[in-house]
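# Descriptive structure summary
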Amino acid sequence: MKYVSRVPRPPLDRLIDDLYYLEGAPPYARLTLPPMPSALLIVNLGPPFRIRAGTETATAAYADGCVVTMPTRAFEFGYPPETRSVGVHFKPWGPAPFLPMPAAELCDRPVTMEQVWGRPAIAELRDRLATAGGPHEMLTLLEEELLRRLCETAGLGLVRHTSGVIAAAGGAVAIGDLSVAAGVSSTHLARRFKELIGVTPKRLARTHRFTATVFAIDPAGPIDWGALAGGAGYFDQAHFGHEFRAFTGLTPTRYVEVRRRFLREHPGHVLDGWSLPAD
């Protein structure tokens, strides 16, 4: 697969980790994506892809693309045999200035691009992207569209700063201390987080801790699960295992088996690192 990415210019860099272009045959027809502290926007330029989100048993087709706010459960992404898209990896609060609804309404409920920006606008954007001169021009067009749509968002500074504190601590923070440090009530802070991220500060902290723990795993070598759980601040190995199943649907040992399969079958693939084969 071909993958091109770059960080956008200010002020979008406060909201976005990177813009990307993806094209080619996927390593697996279906990939499982565990939750992580980020959000996603995809403008699809190829055949429809399918998503099964949260606890849903059925998949839904997305022809024009989708927006996924920060998930709380793993979701399954079904690629067509040949995929082509441009997208945005947002910071957790990043989609808020571009959404016509509170992020909480989209939690674990991906929506189409048409539902977010309307059919005429997304059709026109897809046409311009499809006729662009290459990936870098496409990313510039997407960046310009985002800059044009960027809106002032109440409470964004509060949520961004508090989220930064949570991220810097790897999720190991006392949630009650966050509102005190911010000078607002815990109810106000939680409400702003739900509006702009879709989850509470506590849930964001859990996701950061889980993500940091997973990235500390080296699937190619032996793993001391007890030391890993203790170092991440979990009460014990049982608590760690429970969190793993809640986030991925897998036990820790099964997760490593699946990761090793990806490494074995597709070493160095651009989608390796977080995605898991669902087949």
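One structure accompanies this document, and this report is about it. (Residues numbered from 1 in each chain as written. Predicted model: local features only at pLDDT ≥ 70, side-chain atom pairs only at ≥ 80, totals over all residues. Heavy atoms only, no water.)

### Focus on the overall build of the chain
Scanning the chain from N- to C-terminus turns up 10 helices and 11 strands. In terms of its C-alpha atoms, the chain occupies a principal-axis envelope of roughly 55 × 50 × 35 Å. Taking all 279 residues of the chain together, 51% fall into the buried category. When contacts within the chain are restricted to residue pairs at least 6 apart in sequence, long-range pairs at least 24 apart make up 73% of them. Taken as a whole, the chain presents about 12400 Å² of accessible surface, with 54% of it coming from carbon and sulfur. Positive and negative charge centroids in the chain, built from 30 and 28 side chains respectively, lie 3 Å apart. (Helix = DSSP H or I, 4+ residues; strand = E, 2+ residues; numbered from the N terminus. Buried < 20%, exposed > 50% of the residue type's maximum accessible area, 1.4 Å probe, protein only. Contact = heavy atoms within 4.5 Å. Areas by Shrake-Rupley, 256 points an atom, 1.4 Å probe, with all protein chains shown as cover. Lys, Arg positive; Asp, Glu negative; His and termini not counted. Charge placed at Lys NZ, Arg CZ, Asp CG, Glu CD.)

### Some points on the nonpolar core
In this structure, Val 43 and Leu 146 are the most contacted members of the largest nonpolar core, which totals 48 residues. If you tally residues by element for this core, the top one is helix α3 (residues 135-149), at 5 residues. When near neighbours in sequence (up to four residues on either side) are disregarded, Val 43 contacts Asp 64, Gly 65, Ser 85, Val 86, Ile 122, Leu 125, Arg 126, Leu 129 and Leu 142. Judged by nonpolar contacts, the second largest core, of 18 residues, contains Tyr 62, Cys 66, Val 68 and Phe 75. (Core = buried A, V, L, I, M, F, W, Y, C linked by side-chain atoms within 4.5 Å.)

### A short note on the side chain of Glu 143
Positionally, Glu 143 belongs in helix α3. The exposure class of Glu 143 is buried, given its relative accessible area of 2%. A distance of 2.7 Å separates polar atoms of two side chains, one belonging to Glu 143 and the other to Arg 9. Residue contacts for Glu 143: discarding those within four places in its chain leaves Arg 6, Pro 8, Arg 9, Leu 12 and Leu 19. (Polar contact = N/O pair within 3.5 Å; in protein donor to acceptor, adjacent residues only side chain to side chain.)

### Topic: unusual backbone geometry
Each neighbour pair has its own omega, and for Pro 10 with Pro 11 the value is 0 degrees, a cis peptide bond. Position of Pro 11 relative to the elements: it lies in the loop between β1 (2-6) and β2 (16-24). The phi torsion at Asp 108 lies on the positive side, around 60 degrees, for a residue other than glycine. In this fold, Asp 108 is placed in the loop between β9 (83-90) and β10 (111-112). With a relative accessible area of 18%, Asp 108 lands in the buried category.

### Here we look at the pattern of salt bridges
Under the definition given, this model contains 16 salt bridges. In this structure, the salt-bridge partner of Arg 149 is Glu 145, at a minimum N-O distance of 2.7 Å. Placement of the pair is Arg 149 and Glu 145 together in helix α3, with a separation of 4 residues, close to one helical turn. Looking at Glu 145, the relative accessible area reads 4%, which means it is buried. Taken together, the shared-partner salt bridges connect Glu 124, Arg 128, Glu 145, Arg 148 and Arg 149 into one network. (Salt bridge = Lys/Arg side-chain N within 4 Å of Asp/Glu carboxyl O.)

### Some points on the sheet that holds β1
Spatial strand order, β1-β2-β9-β4-β7-β10: 6 strands in an open sheet with antiparallel pairing. Looking along the sheet, the strands with just one partner apiece sit at the ends: β1 and β10. Bridge count for β1 against β2 is 5 bridges, and the pairing is antiparallel. Along β2, the bridge assignment pairs Arg 6 with Leu 19. Sheet contacts for helix α2 (residues 119-130): β4 (39-44) and β9; angle to β4, the most-contacted strand, approximately 70 degrees. (Pairing = 2+ DSSP bridges. Axes fitted to C-alpha atoms, helices over the stretch in contact; angles between N-to-C directions.)

### Remarks on helix α6 (residues 186-196)
Turning to α6, its buried residues number three or more, namely Leu 189, Phe 193 and Leu 196. Projected down its long axis, α6 shows its buried positions confined to an angular sector of 85 degrees, all on one face. Packing partners of the buried residues in α6 comprise α4 (156-168), α5 (175-182) and α7 (201-215). In the segment just after α6, Gly 198 is the residue with positive phi, at about 105 degrees. (Arc of directions from axis to C-beta.)

### Examining the side chain of Thr 153
Following the sequence through the fold, Thr 153 ends up in the loop between α3 and α4. Discounting chain neighbours no more than four positions away, the residues touching Thr 153 are Ala 96, Pro 97 and Leu 196.

### Things to note about the sheet that holds strand β3 (residues 30-33)
The strand order β6-β5-β8-β3-β11 describes an open sheet built from 5 strands, whose pairing is antiparallel. Every interior strand has two partners, whereas the edge strands, β6 (60-62) and β11 (276-277), have only one. Inspection of the sheet shows strand β5 (residues 49-52) paired to β6 by 3 bridges, in the antiparallel sense. Directly across from Arg 50, in β6, lies its bridge partner Ala 61.

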